[in-house]
Amino acid sequence: MKALTYIKIGIGIVLVGLIIAGILWLRGATKGDYIDFGPSSAIDVTPTQIQSMKAIGEWEFLSVSAEELVDTVRKGFFSNDELVRIYYGTLRLGVNMHQVEPGWITTSGDSITMNLPKIGLLDKDFIDEARTKSFYESGSWKPADRDALYKKAYRLMLSHGMTKENLQEAETNASQQLSHMMRSMGYKNVKITFKK
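The structure contained in this document is the topic of the report that follows.

Criteria and thresholds
Residues numbered from 1 in each chain as written. Predicted model: local features only at pLDDT ≥ 70, side-chain atom pairs only at ≥ 80, totals over all residues. Heavy atoms only, no water. Helix = DSSP H or I, 4+ residues; strand = E, 2+ residues; numbered from the N terminus. Buried < 20%, exposed > 50% of the residue type's maximum accessible area, 1.4 Å probe, protein only. Areas by Shrake-Rupley, 256 points an atom, 1.4 Å probe, with all protein chains shown as cover. Salt bridge = Lys/Arg side-chain N within 4 Å of Asp/Glu carboxyl O.

## Points about the overall build of the protein
Turning to step 1, where the next piece is worked out: In terms of regular secondary structure, the protein is built from 4 helices and 9 strands.
Turning to step 2, where the next piece is worked out: The proportion of buried residues among the 196 residues of the protein is 29%.
Turning to step 3, where the next piece is worked out: Looking at the protein as shown, the accessible area adds up to about 13,400 Å², and 57% of this sits on carbon and sulfur atoms.

## Quick word on the pattern of salt bridges
Close approach of charged atoms allows side chains with opposite charge to pair.
Turning to step 1, where the next piece is worked out: One pass over the full model with this rule turns up 6 salt bridges.
Turning to step 2, where the next piece is worked out: A salt bridge links Asp 147 to Lys 151; its shortest N-O distance comes to 3.3 Å. Placement of both Asp 147 and Lys 151 in helix H3 (residues 143–161) is noted, with a separation of 4 residues, approximately one turn of the helix.
Turning to step 3, where the next piece is worked out: Assessed through its relative accessible area of 36%, Asp 147 is described here as partly exposed.
Turning to step 4, where the next piece is worked out: One continuous salt-bridge network, built from bridges that share partners, spans Glu 58, Glu 60, Arg 92 and Asp 123.

## As for the environment of Met 185
Turning to step 1, where the next piece is worked out: Position of Met 185 relative to the elements: it lies in the loop between helix H4 (164–184) and strand E9 (189–194).
Turning to step 2, where the next piece is worked out: For Met 185, a relative accessible area of 30% corresponds to the partly exposed category.
Turning to step 3, where the next piece is worked out: Between the C-alpha atoms of Met 185 and Asp 110, which are 75 residues apart in sequence, the distance is 9.9 Å.

None of the figures reported here should be taken as evidence of function without further support.
Printed below as a string of structure tokens:
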């Protein structure tokens, strides 16, 4: 009894398959003398994928650790007051995807072109104040004096971290990682440019 039921189900599946094949053939979905049920070889980035890439926001491609020893001296009549502090920070270099322009990504067959914003500093608050240490202090100092020292450390870290070499390395890392990602999606020819 069970075998008869399985035979009826099998015949039903074959009939449904034949009906679908007939409908496709009548609608002109045939190629030559066979019906193509295979996936399309065309590659396309969907609007959802584009939005997902853009929604990531910031893509970090290089992290630069910084340490600055900064001091200030106040001349006195009998002695000088001195304040020396050590500041630590991490500069994160990458691409802010919220800055992409319309049409920043284009595809054609197995080729894709991405026009990205220039590599820049992703986080402007890169000094880790919890790790800041007072190395040497003599005399009395006001909060404004400490703030001036902080700003000096900030400028030094920027000049030492945002070098041409570091920006170029971040751009190279971005090109390699994004090219790898696009190739894994099926694109053979990947071109990535950065706004200057």
